[in-house]
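Single-letter residue listing:
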Amino acid sequence: MLKLRLQGTKNDIRWFLKLLSRDKRFDVENTSTFFSNKGTDRYKRLYTEIYRKDKRNNDEKKPQQEDSHHRYYGSGSSFF
């Protein structure tokens with residue numbers, strides 16, 4: 001899942017969301033309303049979540065299993 005913040009004119013944001021929603025690889029969910037940006041009335045921002053359709057369907061069917069030898073320990077490095 002990706003959380004996106006889109007910034008631009010309302011028409012440009014609508015165009016991009018329509019482009020993403022028509023793509024069969026992605027599922028667009030939880031799209032917010034337009035928010036104003038300080039200093040300009042022309043540009044707006046919007047938040048949305050994008051899922052990969054094939055990956056999301058597999059995640060819902062299988063319980064997640066933790067990979068014991070690929071863990072992140074918070075120090076910026078992974079120990080294998």
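From a predicted model like this one, the values you see are computed outputs, not experimental measurements. (Residues numbered from 1 in each chain as written. Predicted model: local features only at pLDDT ≥ 70, side-chain atom pairs only at ≥ 80, totals over all residues. Heavy atoms only, no water.)

### Overview of the overall build of the protein chain
Per the secondary structure count, the protein chain includes two helices and six strands. In the protein chain, which comprises 80 residues, the share counted as buried stands at 16%. Expressed as a percentage of contacts within the protein chain between residues at least 6 apart in sequence, the contacts between residues at least 24 apart total 48%. Of the roughly 7000 Å² of accessible surface on the protein chain, 48% is carried by carbon and sulfur atoms. (Helix = DSSP H or I, 4+ residues; strand = E, 2+ residues; numbered from the N terminus. Buried < 20%, exposed > 50% of the residue type's maximum accessible area, 1.4 Å probe, protein only. Contact = heavy atoms within 4.5 Å. Areas by Shrake-Rupley, 256 points an atom, 1.4 Å probe, with all protein chains shown as cover.)

### Comments concerning unusual backbone geometry
Non-glycine residue Asn30 carries a positive phi angle of around 50°. Structurally, Asn30 can be placed in the loop between β2 (26-29) and β3 (35-37). Residue Asn30 is classed as exposed on the basis of its relative accessible area, which comes to 54%.

### Examining the environment of Thr48
Mapped onto the elements of the fold, Thr48 is located in strand β4 (residues 40-52). Classification of Thr48 by relative accessible area gives buried; the value is 2%. Reaching out from Thr48, the side chain makes a polar contact with the backbone oxygen of Glu29 at a distance of 3.3 Å. (Polar contact = N/O pair within 3.5 Å; in protein donor to acceptor, adjacent residues only side chain to side chain.)

### Topic: the pattern of salt bridges
Tallied over the full model, the rule gives two salt bridges. For Arg25, the salt bridge identified is with Asp23, shortest N-O distance 2.7 Å. Using a relative accessible area of 54% as the deciding quantity, one classes Arg25 as exposed. (Salt bridge = Lys/Arg side-chain N within 4 Å of Asp/Glu carboxyl O.)

### Some details on the environment of Arg45
Along the chain, the position of Arg45 falls in strand β4. Classification of Arg45 as partly exposed rests on a relative accessible area of 21%. Through-space distance from the C-alpha of Arg45 to that of Lys10 is 8.3 Å; in sequence the pair is 35 residues apart. Each residue touching Arg45, except ones within four places of it in the same chain, is listed here: Arg5, Leu6, Gln7, Ile13, Thr33, Phe34, Phe35, Ser36 and Asn37. A distance of 2.8 Å separates the side chain of Arg45 from the backbone oxygen of Ser36, its partner in a polar contact.

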